[in-house]
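What follows is each chain in one-letter form.
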Amino acid sequence: MRRVSLLSAACAIAMSGAAFLNAAPVRADDAITIVINDHKFEPAEVKVPANKRVTLLVDNQDATSEEFESGEMKVEKIVGGRKQIKVMVGPLKPGRYPFFGEFHEATAQGAVIAE
């Protein structure tokens, strides 16, 4: 009987720990959000700390897909319409790193500034 109680307690602890890990959302200050709206990046420029790995949350609010691309940051990802993606960049040396949306390149332009 005691074995069953210990096993039940161990399972309950393991399950609550797993639920805690899965339920922990990404805090807003952990990622820098870039919104795609009307085929433009907003804000068009974002500042990040130099020499540190950062997460960009690209939130496409348009109905159509867009691409988040930067040769300098070695990133090329498609963001579906009304979808979000996370992009890990860096660590980046101080400087300006342009990015663009290949599907609407005339308007979808921006830059990450590492300082």
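Residues numbered from 1 in each chain as written. Predicted model: local features only at pLDDT ≥ 70, side-chain atom pairs only at ≥ 80, totals over all residues. Heavy atoms only, no water.

- By the naming in an unreviewed UniProt entry, the protein chain is Cupredoxin domain-containing protein, taken from Azospirillum melinis.

1. Thoughts on the pairing of strand E3 (residues 45-48)
- Here E3 shows one buried face, formed by Val46 and Val48, and one open face, formed by Glu45 and Lys47.
- In this sheet, strand E9 (residues 109-114) lies alongside E3 in parallel orientation, the contact comprising four bridges. Across the sheet, the residue bridging to Lys47 is Ile113, located in E9. (Buried < 20%, exposed > 50% of the residue type's maximum accessible area, 1.4 Å probe, protein only. Helix = DSSP H or I, 4+ residues; strand = E, 2+ residues; numbered from the N terminus. Pairing = 2+ DSSP bridges.)

2. Notes on the nonpolar core
- Ranked by internal contacts, the top residues of the largest apolar core, which has 22 residues, are Phe68, Met73, Val87, Val89, Leu92 and Val112.
- Not counting chain neighbours up to four residues away, the residues in contact with Val89 comprise Lys52, Arg53, Val54, Leu56, Met73 and Val75. (Core = buried A, V, L, I, M, F, W, Y, C linked by side-chain atoms within 4.5 Å. Contact = heavy atoms within 4.5 Å.)

3. Remarks on the pattern of salt bridges
- A complete count under the given rule lists two salt bridges for this structure.
- In this structure, the salt-bridge partner of Arg96 is Glu45, at a minimum N-O distance of 2.9 Å. Of this pair, Arg96 sits in strand E8 (residues 95-100) while Glu45 sits in strand E3; the two residues are 51 residues apart in sequence, bridging distant segments of the chain.
- Accessibility expressed as a relative area gives 52% for Arg96, which makes it exposed.
- Between Lys47 and Glu115 there is a salt bridge, with its nearest N and O atoms 3.9 Å apart. One end of the pair, Lys47, is in strand E3; the other, Glu115, is in the segment after E9, with 68 residues separating them in the sequence. This pair shows no difference in class: Lys47 is exposed, exactly as Glu115 is. (Salt bridge = Lys/Arg side-chain N within 4 Å of Asp/Glu carboxyl O.)

4. What about the environment of Ala50?
- With respect to the helices and strands, the residue Ala50 is situated in the loop between E3 and strand E4 (54-60).
- When the C-alpha positions of Ala50 and Glu115 are compared, they lie 4.8 Å apart, and in sequence the two are 65 residues distant.
- In this view, Ala50 contacts Leu92, Lys93, Pro94, Ala114 and Glu115; residues no more than four positions away in its chain are not counted.

5. Here we look at the sheet that holds strand E2 (residues 40-42)
- Read from one edge of the open sheet, four strands run E2-E1-E4-E7, paired in mixed fashion. What marks the edges here is a single partner per strand, and that holds for E2 and strand E7 (84-89). Across this sheet, the average inter-strand angle for adjacent strands is 25 degrees, counted without regard to direction. (Axes fitted to C-alpha atoms, helices over the stretch in contact; angles between N-to-C directions.)

6. Describing the packing of aromatic side chains
- Following the criterion strictly, the structure yields three aromatic pairs and no others.
- Here the aromatic rings of Phe41 and Phe68 are separated by 5.9 Å at their centres, their planes lie at 90 degrees, and the arrangement is edge-to-face. With Phe41 in strand E2 and Phe68 in strand E5 (residues 66-70), the pair connects residues that are 27 residues apart, well separated along the chain.
- A relative accessible area of 4% means that Phe41 is categorised as buried. (Phe/Tyr/Trp six-rings, centres within 6.5 Å; stacked < 30°, edge-to-face > 60°.)

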